[in-house]
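# Structural description and commentary
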Amino acid sequence: MGRQQGFAIRVEGVEQDFGAFPALRDVTLDIQPGELVALLGPSGSGKTTLLRVIAGLNAPDRGHVYFDGEDATNLPVQDRRVGFVFQNYALFKHMTVADNIAYGLKVRPRRSRPSRSAIAARANELLRFVQLEGLGGRYPAQLSGGQRQRVALARALAIEPRVLLLDEPFGALDARVRKDLRRWLREVHKETGLTTVFVTHDQDEAMELADRVVVLNEGRIEQIGTPAQLYDQPASPFVISFVGEAVALPVTVAAGHVKFGDRELHIDTHGLRSGPARVFFRPADIAVSASGAGEIEGRVESLRRTPAGVRATIAIDGYDQTLEIDSPLENAAALGDRVPLSLAKARIFPTEESAYVDAGEGI
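Remember, predicted model here, so these are calculated numbers, not experimental data. (Residues numbered from 1 in each chain as written. Predicted model: local features only at pLDDT ≥ 70, side-chain atom pairs only at ≥ 80, totals over all residues. Heavy atoms only, no water.)

## As for empty space enclosed by the protein
- Counting across every chain of the model gives two cavities of 30 Å³ or more.
- One number sums up the size of the largest cavity: a volume of about 40 Å³.
- Lining the largest cavity we find V85, Q149, L153, L166, P169, F170, W184 and L185.
- Within the residue set of the lining of the largest cavity, elements represented by two or more residues are α4 (145-158) and α5 (175-192).
- Among the residues forming the lining of the largest cavity, the class breakdown is seven nonpolar, one polar and no charged.
- Volume-wise, the second largest cavity comes out at about 30 Å³.
- Elements supplying a minimum of two residues to the lining of the second largest cavity: β17 (309-316) and β18 (322-327). (1 Å grid on protein atoms, 1.4 Å probe; cavity = no way out; pocket = protein on both sides within 12 Å on 5 of 7 lines; lining within 4 Å. Points joined across faces, edges and corners; volume = space filled by probe spheres on them. Helix = DSSP H or I, 4+ residues; strand = E, 2+ residues; numbered from the N terminus. Nonpolar A, V, L, I, M, F, W, Y, C, P; charged D, E, K, R; others polar.)

## Focus on the packing of helix α2 (residues 97-106) against α4
- At a minimum axis distance of 7 Å, the contact between α2 and α4 shows a crossing angle of 30 degrees. By the angle between their directions, the pair α2 and α4 is classed as roughly parallel. Like other packed secondary-structure pairs, α2 and α4 cross with a definite hand, here right-handed. On α4, the residues that touch V97, N100, I101 and L105 of α2 are V151, A154, R155 and A158.
- Considering only residue class, the contact of α2 with α4 consists of six nonpolar, one polar and one charged. (Axes fitted to C-alpha atoms, helices over the stretch in contact; angles between N-to-C directions. Parallel < 35°, antiparallel > 145°, perpendicular 65-115°, else oblique. Left-handed = near helix turned anticlockwise from the far one by under 90°. Contact = heavy atoms within 4.5 Å.)

## A short note on the pairing of strand β3 (residues 36-40)
- Buried residues dominate β3, accounting for five of its five residues.
- Alternating positions in β3 separate into two faces, L36, A38 and L40 on one and V37 and L39 on the other, with burial throughout.
- Note: β3 against strand β9 (residues 212-217), four bridges, orientation parallel. In the sheet register, L39 faces β9, and the bridge partner there is V214. (Buried < 20%, exposed > 50% of the residue type's maximum accessible area, 1.4 Å probe, protein only. Pairing = 2+ DSSP bridges.)

## Observations concerning the sheet that holds β9
- Across the sheet, which stays open at both edges, the six strands sit in the order β6-β7-β8-β3-β9-β10 with mixed pairing between neighbours. In the strand order of this sheet, the two ends are held by β6 (82-85) and β10 (220-225), each with one partner. Ignoring which end each strand starts from, the neighbouring axes of this sheet average 15 degrees apart.
- Pairing of β3 with strand β8 (residues 195-200), which is carried by five bridges, proceeds in the parallel orientation. When the bridges of β8 are listed, A38 appears paired with F198.

## Examining the environment of E12
- Its place among the elements puts E12 in strand β1 (residues 9-18).
- Among the residues examined, E12 registers a relative accessible area of 30% and is labelled partly exposed.
- Separated by 261 residues in the primary sequence, E12 and R273 have C-alpha atoms spaced 34 Å apart.
- Discounting residues that sit within four places of it in the chain, E12 has contacts with V27, T28, G63, H64 and Y66.

## Some details on the sheet that holds strand β16 (residues 296-306)
- Spatial ordering of the open sheet is given by β15-β19-β16-β17-β18, a layout of five strands whose pairing is antiparallel. Both edges of this open sheet fall to β15 (286-288) and β18, since each of them pairs with a single strand only. Taking the axes of each pair of neighbouring strands and ignoring which way they run, one obtains an average angle of 45 degrees across the sheet.
- Both β17 and β18 contribute to a ladder of six bridges, which runs antiparallel. Bridging across to β18, V310 finds its partner in S327.

## A look at the packing of aromatic side chains
- Applying the stated criterion across every chain yields a total of six aromatic pairs.
- Judged by centre distance (4.7 Å) and plane angle (55 degrees), the rings of F92 and Y103 are tilted. Here Y103 lies in helix α2 and F92 lies in the loop between β6 and α2, a separation of 11 residues in the sequence.
- Judged by centre distance (5.8 Å) and plane angle (85 degrees), the ring pair of F260 and Y319 falls under edge-to-face. Separated by 59 residues along the polypeptide, F260 in strand β12 (residues 257-260) and Y319 in the loop between β17 and β18 bring together distant segments of the chain.
- F260 gets classed as buried once you look at its relative accessible area, which sits at 9%. (Phe/Tyr/Trp six-rings, centres within 6.5 Å; stacked < 30°, edge-to-face > 60°.)

Any link to function would need more than the numbers given here.
Pasting the structure below:
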């Protein structure tokens, strides 16, 4: 398979209502040709609805979708040159693997339908491409879940799409197969050059695969960025809580100082106004204080071995919450130890989630 030129996609002011429920709210998004973009969010965040609007399976109530600058909002699905891969494969059980792959070509109008020999050659080419050569005569029930998902992808590629859309493509597979297919999909994208958008609720999947990630929440885009940007520069409390692990502590900001109970946290507020706020940090950003004096203190409740060392769960003094810290094996605290903790970096947000500022170098 040769490398193709994908469409640029622009979603502009798109809204979609399901009765009184707003599934998408003023969504605007630009996707570059050949980019691999993940739509990430919890159930009900609008990610699948947005994918279906791009595909033409849903008509937005308001807003527009553009392919390479041309308005495609009212363009029929069959004219969009979009390949769609569903979570449940949606293969025809009574058709062979080769016939499933060739289906989109066989149902084309006669004037644009390739010859039988050309269709067969295309199916065989795709069987080789998805590493299922020799299995064209089998039926879907005779394949594993991972093989069926490859067939579904081959069928989407058969029509030579310029946009590839995948809805939770690995959701029905076990963890080992899912991990293998992630790497394989990245190679497929690299080789085809297709503009690719996939939906997932699995943050590891999004971070491993995507050039950029679109984080959705309650029908709105919370943040668009590279995986590094989402980890290091989260734009909202939702993003830092959803992407990666994070602990939130209630604090008070007064005259540039941050107080947690009767202790001061050494965090730059960058001019955040006085009032209640929350400090967010990740396990790697807090550690046992080398000096013996910490900003936070607690007791080790449990210990868990990790590939990198030990993860300790700490019950925080004076507050009904635990936090986790990562330590090298040789420096790990013992169960029941009281430990002083210091923050290396953190992110602070006002209690009102409409604004935020950086803290220190930022998370």
